[in-house]
Structure formats: C-alpha cells, structure tokens
Amino acid sequence: MGRVKTETMSLAQARRVALAAQGLHAPRPDDGAAPRQVTLRHVQRTVDRLGLLQIDSVNVLARAHLVPLYSRLGPYDVSLLDRAAGRAPRRLVEYWGHVASYVPPETYRLLEWRQRAYRTEAWGAISGVELSHSAVVEHVRGIVAERGPITAGEVHELLEAQGMGETRTTTEWGWNWSLAKRALEFLFFTGEITAARRNAAFERCYDLTERVLPPAVVAAPPVSDRDAVRRLLEIGARAHGVGTLRCFRDYFRLKGPAPRRALDELVEDGVLRPVEVRGWDETTYLHRDAVLPRRAQGRALLSPFDPLVFERTRLEQLFGTRYRIEIYVPAAKRVHGYYVLPFLQGDRITAKVDLKADRRAGVLRVLAAHREEYADTETAPALAAELRLMAGWLGMASVAVGPVGDLAPALAAELAASPVQGAAG
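As recorded in an unreviewed UniProt entry, the chain goes by the name Winged helix-turn-helix domain-containing protein, listed as coming from Oerskovia enterophila.

Another aspect to go through is the sheet that holds strand β10 (residues 242–243). The strands that make up a sheet are held in pairs by hydrogen bonds between backbone atoms, and each pair lies either parallel or antiparallel. Overall, mixed pairing links the four strands, which are arranged β2-β11-β12-β10 in an open sheet. Each having just a single partner strand, β2 (8–10) and β10 make up the two edges of the open sheet. Bridge count for β2 against strand β11 (residues 272–278) is three bridges, and the pairing is parallel. Residue pairing in the sheet places Met9 in a bridge with Val277 of β11. Together, β11 and β12 (284–287) form the strand contacts of helix α17 (residues 258–268), whose direction differs from that of β11 by roughly 95 degrees.

This part covers helix α20 (residues 408–416). Of all the positions in α20, only Ala408, Leu411 and Leu415 are classed as buried. The arc that holds every buried residue of α20, seen down its axis, measures 65 degrees, which confines them to one face. Exposed side chains of α20 directed beyond 90 degrees from the buried face belong to Pro409 and Ala416.

Once that is clear, we can look at the layout of surface pockets. For the second largest pocket, the calculated volume is near 580 Å³. When residues of the lining of the second largest pocket are traced back to their parent elements, those giving at least two are α4 (79–86), β8 (193–198) and α19 (379–394). Tallied by class, residues from the lining of the second largest pocket come to 13 nonpolar, six polar and seven charged. Structurally, the lining of the second largest pocket is a two-domain feature, drawing no fewer than three residues from each of domain 2 (40–166 + 177–219) and domain 3 (320–417).

This paragraph deals with helix α2 (residues 40–50). Of all the positions in α2, only Leu40, His42, Val43, Gln44, Thr46, Val47 and Leu50 are classed as buried. Tucked into the core, α2 has its buried residues touching α1 (11–22), β3 (53–54), α3 (67–73), α4, α15 (225–240) and α16 (245–251). Positive phi shows up at Gly51, right after α2, with a value of about 90 degrees.

Under the definition given, this model contains 26 salt bridges. For Asp264, the salt bridge goes to Arg260, with nearest N and O atoms at 2.9 Å. Here Arg260 and Asp264 lie together in helix α17, a separation of four residues that amounts to about one turn. Looking at Asp264, the relative accessible area reads 40%, which means it is partly exposed. With its nearest N and O atoms 2.9 Å apart, the salt bridge here joins Arg365 to Asp358. Taken together, the shared-partner salt bridges in this structure form one network comprising Glu94, Lys181, Glu185, Arg198 and Arg204.

Put simply, helix α10 (residues 134–147) and helix α12 (residues 179–189) touch, their axes get as near as 9 Å, and they point 75 degrees apart. Overall, the two elements α10 and α12 adopt an arrangement that is roughly perpendicular. Contacts between α10 and α12 involve Val136, Val137, Val140, Arg141 and Val144 on the former and, on the latter, Leu179, Ala183, Leu184, Phe186 and Leu187.

Quick look at a positive patch on the surface now. A grouping of Arg36, Arg41, Arg45, Arg49, Arg83, Arg87 and Arg91 is seen on the molecular surface, where their side chains present a positively charged patch. The greatest single-element share of the positive patch, amounting to three residues, is contributed by α2. Residue position: Arg41 is located in helix α2.

Bringing the pairing of strand β17 (residues 363–371) into the picture now. Sheet analysis places strand β16 (residues 348–358) next to β17, joined by eight bridges and oriented antiparallel. Bridge pairing links Leu355 to Val366 in β17. The turn joining β16 and β17, which pair antiparallel and follow one another in sequence, is formed by four residues; a positive phi near 70 degrees is taken by Gly362. Looking at chain direction, β17 and strand β18 (residues 398–404) are connected through five bridges and run parallel. Its bridge partner being in β18, Leu364 is matched across the sheet by Val399. Note that the unit made of β17, α19 and β18 has a crossover that is right-handed.

The subject of this paragraph is the environment of Leu286. Among the secondary structure elements, Leu286 is positioned in strand β12. Accessibility expressed as a relative area gives 1% for Leu286, which makes it buried. Separated by 172 residues in sequence, Leu286 and Arg114 have C-alpha atoms that sit 27 Å apart.

This next bit is on the packing of aromatic side chains. Under the definition given, this model contains eight aromatic pairs. Ring plane angle 70 degrees and centroid distance 5.5 Å describe the contact between Tyr95 and Tyr108, whose orientation is recorded as edge-to-face. With Tyr95 in strand β4 (residues 93–97) and Tyr108 in helix α5 (residues 105–110), the pair connects residues that are 13 residues apart, well separated along the chain. Neither residue differs from the other here; Tyr95 and Tyr108 are each classed as buried. The lysine or arginine in question, Arg63, covers the ring of Phe202, its NZ or CZ lying 4.2 Å from the ring centre. Directly above the ring of Phe202 sits Arg198, whose terminal nitrogen or CZ lies 4.3 Å from the centroid.

A few words now on the domain arrangement of the chain. With domains assigned, the chain is organised as domain 1 (7–24 + 223–287), domain 2 (40–166 + 177–219) and domain 3 (320–417). Regarding the contact of domain 1 and domain 2, the summed buried area is about 1700 Å², with carbon and sulfur atoms giving 53% of it. The largest contributions to the domain 1 side of the interface with domain 2 come from Tyr251, Phe252 and Arg253, which together make up 29% of the buried area. Joining domain 1 to domain 2, the criterion identifies one salt bridge. In this structure, the salt-bridge partner of Arg116 is Asp225, at a minimum N-O distance of 2.5 Å. The interface formed by domain 1 and domain 2 contains 10 residue pairs in polar contact (both at pLDDT 80 or more). At the level of secondary structure, the elements contributing two or more residues to the side of domain 1 that touches domain 2 comprise α1, α15 and α16. Among the elements that make up the side of domain 1 that touches domain 2, the one with the highest residue count is α15 (eight residues).

Cut-offs used in this document
For every chain, the first residue of the written sequence is number 1, and numbering continues from 1 along that sequence. Only residues with pLDDT of 70 or above have their local features reported here, since the model is predicted, and side-chain atom pairs are shown and tallied only from 80 upward, although totals for entire chains, interfaces and linings are computed over all residues. Hydrogens and water molecules were not included; the side-chain quantities draw on all heavy atoms of the structure. Each pair of strands is called paired provided DSSP finds at least two bridges between the two strands. Under the scheme used here, helices are H or I runs from DSSP no shorter than 4 residues and strands are E runs no shorter than 2 residues, and both carry numbers assigned from the N terminus. The contact criterion used throughout is that any non-hydrogen atoms of two residues lie within 4.5 Å. Between N-to-C directions, angles span 0 to 180 degrees; the directions come from axes that are lines fitted to C-alpha atoms, helices contributing only their stretch in contact. Burial classes: relative accessible area under 20% of the type maximum marks a residue as buried, over 50% as exposed, and values in between as partly exposed (1.4 Å probe, protein chains only). Starting at the helix axis, one direction is taken to each C-beta atom, and the arc is that of these directions. Using a 1 Å grid laid over the protein atoms alone, points where a 1.4 Å probe fits but cannot get out form a cavity; open sets with protein on both sides within 12 Å along at least 5 of 7 lines form a pocket; any residue with an atom within 4 Å of a point counts as lining. Grid points are joined across faces, edges and corners, and a volume is the space filled by probe spheres set on the points. Basically, the charged four are Asp, Glu, Lys and Arg, the nonpolar ten are Ala, Val, Leu, Ile, Met, Phe, Trp, Tyr, Cys and Pro, and anything else, Gly included, counts as polar. Note that the domain bounds reflect an automated or database-derived domain assignment. Salt bridge, as used here: a side-chain nitrogen of Lys or Arg that lies within 4 Å of a carboxyl oxygen of Asp or Glu. An angle below 35 degrees is read as roughly parallel, one above 145 as roughly antiparallel, one from 65 to 115 as roughly perpendicular, and any other as oblique. Every patch collects residues that have over 30% relative accessible area and no salt bridge, joining them within 9 Å if they carry like charges and within 5 Å if they are nonpolar side chains (Val, Leu, Ile, Met, Phe, Trp, Tyr). All accessibility values rest on the Shrake-Rupley procedure with a 1.4 Å probe; residue burial counts only the protein chains present in the view. The charged-residue count follows a simple rule in which Lys and Arg add positive charge and Asp and Glu add negative charge, with His and chain termini not counted at all. For the purpose of locating charges, the reference atoms are NZ of Lys, CZ of Arg, CG of Asp and CD of Glu. When the strands point away from the viewer and the path from the first strand over the helix to the second turns clockwise, the crossover is right-handed. Only the six-membered ring of Trp is used, alongside the rings of Phe and Tyr, when aromatic pairs are assigned; centres must lie within 6.5 Å, and planes under 30 degrees apart are stacked while those over 60 apart are edge-to-face, with the rest tilted. As a reminder, the over-ring test applies to NZ of lysine and CZ of arginine, requiring each to be within 6 Å of the ring centre and within 35 degrees of the ring normal. Two parts placed together each lose some accessible area under a 1.4 Å probe, and the buried area is that loss summed for both. Residues adjacent in sequence count toward polar contacts only when both atoms are side-chain atoms; beyond that, a polar contact is any pair of N or O atoms within 3.5 Å, and within protein one must be able to donate a hydrogen and the other to accept it.

In structure tokens, the structure reads:
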C-alpha cells in the first residue's frame, strides 16, 4: 500500500482508495485466531480517521454512532464511547456536523461558524424561540448554569412548576418539543450549552459548554469562518480519500459558495489535486494523504448512517449500488426493508440485509436478505459469519433469517451450520 501518484485511476482503484481512507480495506482484528482487546486508543484512532460519528435515535439494531466503530474494530465494549463523550477529559462532544454528530473537541471549534450563523443554519423551531420566548430562553440559560447537567424533561418540569410551561409544538421534523426543549436546543445550537453526556434513555444532559470542553479547547482562539470551512472541507476530503466537491461538502453539510473557494485553496496548496477516475463522470479530487491498497480484503455490515454511505450518489458511482434509507417509507412501499445494512465484501457491496435486534427474545432477526449485482458464492458464508459475530456483540443468542429476499435461503442454510459465539463487552 502506498501513496497514490497517478493522475488517472480506474473505478476499482478509486474504491480501494475510498475504503482505505475509511479504514475498511483490511480484515478487522476479530478475523484472526486471537482477537485483540479494543481499547479507548483504538476508538480514538478510528474517530480521528472518520472525523465524526452521526447520532440517530433509532435503536432497532444498535445506536447509529455505535455501529461504524464495530464495522471497523469488530466487537468492542460500547461503554468506551460513553466514556469518551461523557467523562472528562472528553474525546468527543456533540454538535451539528453531518446532522447531529459526535466530533473531536478541536473540531467543535471549527463548527462555531454555524453557531454564529444560527438564523440561517438552524430550522425555525429553534432559531425562532429566541424572539418569541426570550424571557424563557434567559431563564433556561440560568437553570443550566445552576443545575447542569440536566435533561429537557427536568427543565420542562421546572418551567411548569414556575408557570412558564407551554403546550408541546410539532417541529418540521415531526417531533413534539416542549418550550423547554426548544430553548435548550437554541442554546445548544448557538454553542452556549452542549451535552455533558447521554443518560440511560439516550437523552442529552445539558451543561455549559465551557464546563464540557477540555480547558485547552476552551482557551483556544476562535477560528474565522473562512478557515473553519476550509479545515472542515479538508477533513471530509481526507475521510473520503477521493471524491467530488459534492462529496466533501456533504460530510459537514457545508452550503453556499464558501466550500468551492475552500476547495480551490486546497488545490492551490497541494492538499488536493484533480484526478480523472475512469467511469466517474464528474470532476474528482485526490487527497494528498490518500493511499491505494493492492487489494481490499475487509468485510463489514455498514450502518445506514455509516460515513461510507453518507453521500448516496458517490456510493452509486463507486460501488454500483443504489441505497436509500427506508425508515420513513410506508411499509408497503419499501424495497429492501426498514433498517437495511449494506454488506461490504472486499471492494463491493454484495448484499443488503434488514436487521432487527429482538432483545426480549435474544435473537438477531434478519427480516430480509437481498443479493446485489456483485454477490458471489462466498457472499452467503461471509455474511453469515458477520451476522454471527454481530449477534454475539449485541448479546443475542441466535440469528433467525426470515423468508424475504433472494439471499435468504442460502443465508439461513449457512447460519444453521454454526452457532453464535458469546457476546463481547
């Protein structure tokens, strides 16, 4: 594996560059005879490589931020991530990166331009509360300063007891948010408060940002909007290895003309350089740290919120697979299922499986299993091995395959031949 020097590459080479950038090109440690113990250092190194972990409340399989680490590290103790984000000195903090995300504390400072631009960056239910309920916002600010870390529910109860509560309001996302929650999210968006940790119900426990960020990060000088966008775009480019401006800007959801200007500066400084990817009919760029493995030999189930699949157009261009998250699609109209994970085998997506952790029964349920174009005779056994490993990590005693999908019969036969191994962590 070495630095990429060519100005022209094939799609296969671009795929391997992309996988190497994401840490998905090589067999995981659990593939060996003596799996290593995953430590906080391994978690930190993986997060540094990815740049962020998307957060999502859906828990049909496992929380969205947990699975990308599993995909790259194998079975690990999820309390490591709780420790990284919930105890000082924090190695991760929450903010709006690629939507709600965990980011390194240093990256949090790069996102302060978004805090300053909250009137255009935040949606109305948040940005409007400052004007419509300024007294409540000020009161909530004082509550967090006095009592934080504190949840939205606890703040809501305090406001109601003081006659400052209000009927819950449906936001643009369809959530019923109390006035307390909207005030807290306004203060969260503008950077005055952040999440000190998540509780057992996965609720944010809000505290003053200055009490959560490491002191050195708090003391660091502010970063200008222009420099912040450039550095965020570079993080996205490094995490992609190779891609388009659209790919890079999507990583932190950068808008407007600033990302284009930042890309031009990165090209001028030699951080990025244009490269022709044969078969990818767009202007593409290669990061200077990109490497090209001779082969891609990893395998992984990828969360719907994995950074490799963030940008769906890129995924289709590079891997030849169309992927759409169907959580919000009516059941009768879903193609592959509710919570579908692509299966990466080598340098191809060879299957899609709809998974559910049935915690009461102790069963990892494969509700549907579909072949992709590049599936081969090794797909069913490789996927079966991956499902057994994931079941053990989730504490599930068995894997059950339903009848839906053209891969289901072969997958069920493979799983019947070998039991699930014990849970990790």
